[in-house]
Amino acid sequence: MANINELIEGFSFGQQQAIVGGSPVPAIANPQIAANIWRQTNLNTKPWAKMPINEDDKAEIGKGHEFATQLFKSHYQNPDFEISKYCSSQFIAWVMAFSLGNTTLSGSAPYTYTTTPALGSAARTLGGVSGVQSLELPYFTHVQQIRPGGSAILDEAKIGCAVRSWKLSIKNSPGRASAMISATCACTGQYVAPSTITLPAATLLNEFNAGTITALSFNGVNYMSGASASNFVSLDASWDNNFRPGYFPGSGNQDGYQIQGRLEFGDRTFSVQYVVRVAAGSPEYGDLIALTTGTSTVTFLRDSNNSFTMLIQKMAFQTAELSNTDGIVTLQITGSQLYDPINGLVTMTTVTPQNGICQ
Amino acid sequence: MDHVFMESPQGDEIKEVEATAAALSPLMSQGWHQVPPPATGKTNISTEEAK
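All values derive from a computational prediction rather than experimental measurement.

With that settled, consider the overall build of chain B. Looking only at helices and strands, chain B features one helix and four strands. Shown N-terminal to C-terminal, the secondary structure of chain B runs as helices and strands in the order β-β-α-β-β. Relative to its 51 residues, chain B shows a buried fraction of 29%. Within chain B, contacts between residues separated by at least 24 positions form 54% of all contacts whose residues are at least 6 apart in sequence.

See the structure below:
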């Protein structure tokens, strides 16, 4: 018996890789080493379950009856796992790098991570090796433990994990809950138990909150100054990689159950919705009617070592619905994020003291 | 200002560019990706200044 508060979790900030011929290459099946694994807290209190699936012979005729007589091992179909946290420079850099796939690292203490959605048709750097063409995103290792040691209740490392989707939310409320990000993660089914990893002390994160936002403009409307200043209520942005099933001939086995051998992105979706107060002359509805497009920017700035900017390269308004938020007349706006032929879809820039994220 | 080396999606060109979103976005959206600094003596390296 154990209390759920005893559950400790960690995951690698570096991506999984193997050394082949003296060079690092991306590796879905190679766990990261302990030195590249963070210990992090999680607002999601549900552990990451393993789910081996069995099948029976119920559908087969020739038994003389319709009932099952035998059970067979089938495959691992682990549920997704959510890492839900308050926004911090370290975690948001990790989420963007692992979910979007094309990251450039520059600077030195602090480090700047510039991330854009990877193009499957274009070569990029994966696992420290450049020139890789792939629909796969970087993989990480996830560790969860309860009383690790000789009589551990839970001690396992899931190998070949990837970020399926994320959700960023900003609210007009006080405290850390005003800026949150959650990442939904998928895994292949491969694991190691016991993990053989000693998790370090929990990483101290440099968190943002909605009060640290210094830039907030959507499609030409600035919500930090001018007529629309202080009209912003909330934002929900999300990304989904829509992974394709990763079972194929040779994808591998764990405990006699088939596992997935790849997690490839499908048709990805990028959604942005936000709510603003309505004032006389509010420009949003007019922009929608006029099919106006423009860049959109959200910037958190905690200090010179910790910041995050989401730059949507070309945004229009899909809908602008008149509504009521806590008694205030508002517009609920759904953005239409367009792929700009020059600058692409979206650029995430994070400055953080943490080195080696997704490297 | 920090600079980084970016390689074209075809792998036939390496370019040294400023590590800013404004400079990187057009390249990364076309499939350019970061590579380690190349060994000196390579001839296919261009810089923003040379453009």
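Now that the structure is up, let's keep going.
Turning our attention to unusual backbone geometry. All names here are of chain A. Each neighbour pair has its own omega, and for Ala-109 with Pro-110 the value is 15°, a cis peptide bond. Following the sequence through the fold, Pro-110 ends up in the loop between β8 (101-107) and β9 (111-117). The amide bond that connects Ala-193 to the next residue, Pro-194, takes the cis arrangement and shows omega of 0°. Mapped onto the elements, Pro-194 comes out in the loop between β15 (191-192) and β16 (213-218). A positive phi angle is found at Ala-109, which is not glycine, with a value near 40°. Within the secondary structure, Ala-109 sits in the loop between β8 and β9.

Glancing now at the interface of chain A and chain B. Across the boundary between the two partners, chain A contributes 22 residues, which contact 16 residues of chain B. Broken down by secondary-structure element, the contributors of at least two residues to the side of chain A that touches chain B are β8, β9, β10 (124-126), β11 (129-132), β23 (306-325) and β25 (346-352) of chain A. Per-element tally for the side of chain A that touches chain B: the top contributor is β8 of chain A, with five residues.

Residue and element names in this part refer to chain A. The terminal C-alpha atoms of helix α1 (residues 89-100) lie 16 Å apart, and with twelve residues this matches the ideal 16 Å at 1.5 Å per residue to within 8%. Judged by how many residues are buried, α1 sits mostly within the fold: twelve of twelve residues are covered. Of all the residues in α1, the buried ones are Ser-89, Gln-90, Phe-91, Ile-92, Ala-93, Trp-94, Val-95, Met-96, Ala-97, Phe-98, Ser-99 and Leu-100. Phi turns positive, to about 105°, at Gly-101, one or two residues after α1.

Turning our eyes to something else, we now look at the pairing of β9 of chain A. All names here are of chain A. Judged by how many residues are buried, β9 sits mostly within the fold: seven of seven residues are covered. Pairing between β8 and β9: seven bridges, direction antiparallel. Counterpart to Ser-106 in the pairing with β9 is Thr-112. Between the end of β8 and the start of β9, which pair antiparallel, lie three residues, with Ala-109 showing a positive phi angle near 40°.

Basis of the calculations
- Residues numbered from 1 in each chain as written.
- Chains lettered and ligands numbered in written order.
- Predicted model: local features only at pLDDT ≥ 70, side-chain atom pairs only at ≥ 80, totals over all residues.
- Helix = DSSP H or I, 4+ residues; strand = E, 2+ residues; numbered from the N terminus.
- Buried ≥ 20, exposed ≤ 12 C-beta atoms within 10 Å, placed from the backbone.
- Contact = placed C-beta atoms within 7 Å.
- Expected span 1.5 Å × (residues − 1).
- Pairing = 2+ DSSP bridges.

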